[in-house]
Amino acid sequence: QPQLVESGGGLVQAGGSLRLSCTASRVTFSNYAMGWFRQAPGKEREFVAAISMDGGTTEYADFVKGRFTVSRDNAKSTVYLQMNSLKPEDTAVYYCAMSQTVITSSLRNEEAYGYWGQGTQVTVSS
């Protein structure tokens, strides 16, 4: 059973930056596409960003384009989410997830993912 562990969350002021990390174990990391989702209090979980198995293709939700960047280091079995120009509305629990799909556009859907991390809290103060 693959295991995903997120880190890097915390409290930051509006306009600040954070970098989330998600490290996988018990799995051949390069065989999986990776995604980031988030869930704010009282809201449904939503797609944030995704990256293909080789890192060559990325997908972003419209509300993070130009502010967030997803990347991966297959040698370290880690995916990153660099978050810049953070806004209070970015406050949420952020989750990473693994998918075996090769159809990058499908990575926007939760159903494409078979394994999830426990989440890390990001709080942006105004």
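Residues numbered from 1 in each chain as written. Predicted model: local features only at pLDDT ≥ 70, side-chain atom pairs only at ≥ 80, totals over all residues. Heavy atoms only, no water.

So, on to the packing of aromatic side chains. Considering all chains together, one arrives at four aromatic pairs under this definition. Ring centres 5.7 Å apart and planes at 75° place the aromatic pair phenylalanine 37 and phenylalanine 47 in the edge-to-face group. In this pair, phenylalanine 37 is assigned in strand β4 (residues 33-39) and phenylalanine 47 in strand β5 (residues 46-51), connecting sequence segments ten residues apart. Judged by relative accessible area, phenylalanine 37 falls into the buried class, the value being 1%. Under the relative-accessibility criterion, phenylalanine 47 is labelled buried at 8%. Taking the centre distance of 5.1 Å and the plane angle of 85° together, the rings of phenylalanine 37 and tyrosine 113 count as edge-to-face. Residue phenylalanine 37 is found in strand β4, and its partner tyrosine 113 is found in the loop between β9 (92-99) and β10 (115-116); the two are separated by 76 residues along the sequence. Grouping residues by exposure puts phenylalanine 37 and tyrosine 113 together as buried. Linked through ring pairs, Phe37, Phe47, Tyr113 and Trp116 together constitute an aromatic cluster. (Phe/Tyr/Trp six-rings, centres within 6.5 Å; stacked < 30°, edge-to-face > 60°. Helix = DSSP H or I, 4+ residues; strand = E, 2+ residues; numbered from the N terminus. Buried < 20%, exposed > 50% of the residue type's maximum accessible area, 1.4 Å probe, protein only.)

Under the defined criterion, the tally for this structure stands at one disulfide. Covalent S-S linkage joins cysteine 22 and cysteine 96, the inter-sulfur distance amounting to 1.9 Å. Where cysteine 22 bonds to cysteine 96 through sulfur, the torsion about that S-S bond is close to 55°, and the disulfide is right-handed. Of this pair, cysteine 22 sits in strand β3 (residues 18-25) while cysteine 96 sits in strand β9, and the two are 74 residues apart along the sequence. Cysteine 96 matches cysteine 22 in its accessibility class, with the two residues each being buried. (Disulfide = S-S within 2.5 Å.)

Another aspect to go through is unusual backbone geometry. The phi angle at arginine 26 is positive, at roughly 65°, despite the residue not being glycine. The backbone of serine 77 sits at a positive phi, close to 55°, despite the residue not being glycine. Mapped onto the fold, serine 77 is located in the loop between β7 (68-73) and β8 (78-83).

Here strand β1 (residues 3-7) pairs with β3 via five bridges, running antiparallel. Paired with leucine 4 across the strands is alanine 24, a residue of β3. Bridge count for β3 against β8 is six bridges, and the pairing is antiparallel. Of the residues in β8, the one forming a bridge with cysteine 22 is valine 79. (Pairing = 2+ DSSP bridges.)

Here glutamate 89 is to be found in the loop between β8 and β9. Through-space distance from the C-alpha of glutamate 89 to that of serine 126 is 9.5 Å; in sequence the pair is 37 residues apart.

Time to look at the pattern of salt bridges. On inspection of all chains with the given rule, the structure shows six salt bridges. Here arginine 108 and glutamate 59 are joined by a salt bridge, their closest N and O atoms 2.8 Å apart. Of this pair, arginine 108 sits in the loop between β9 and β10 while glutamate 59 is found in strand β6 (residues 58-60), placing the two residues 49 residues apart along the sequence. Since its relative accessible area comes to 34%, arginine 108 is described here as partly exposed. For glutamate 59, a relative accessible area of 16% puts it in the buried group. Residue arginine 67 is joined to aspartate 90 by a salt bridge in which the shortest nitrogen-to-oxygen separation is 2.7 Å. With arginine 67 in the loop between β6 and β7 and aspartate 90 in the loop between β8 and β9, this residue pair connects regions lying 23 residues apart in the sequence. In this pair, the class of arginine 67 matches that of aspartate 90, namely buried. (Salt bridge = Lys/Arg side-chain N within 4 Å of Asp/Glu carboxyl O.)

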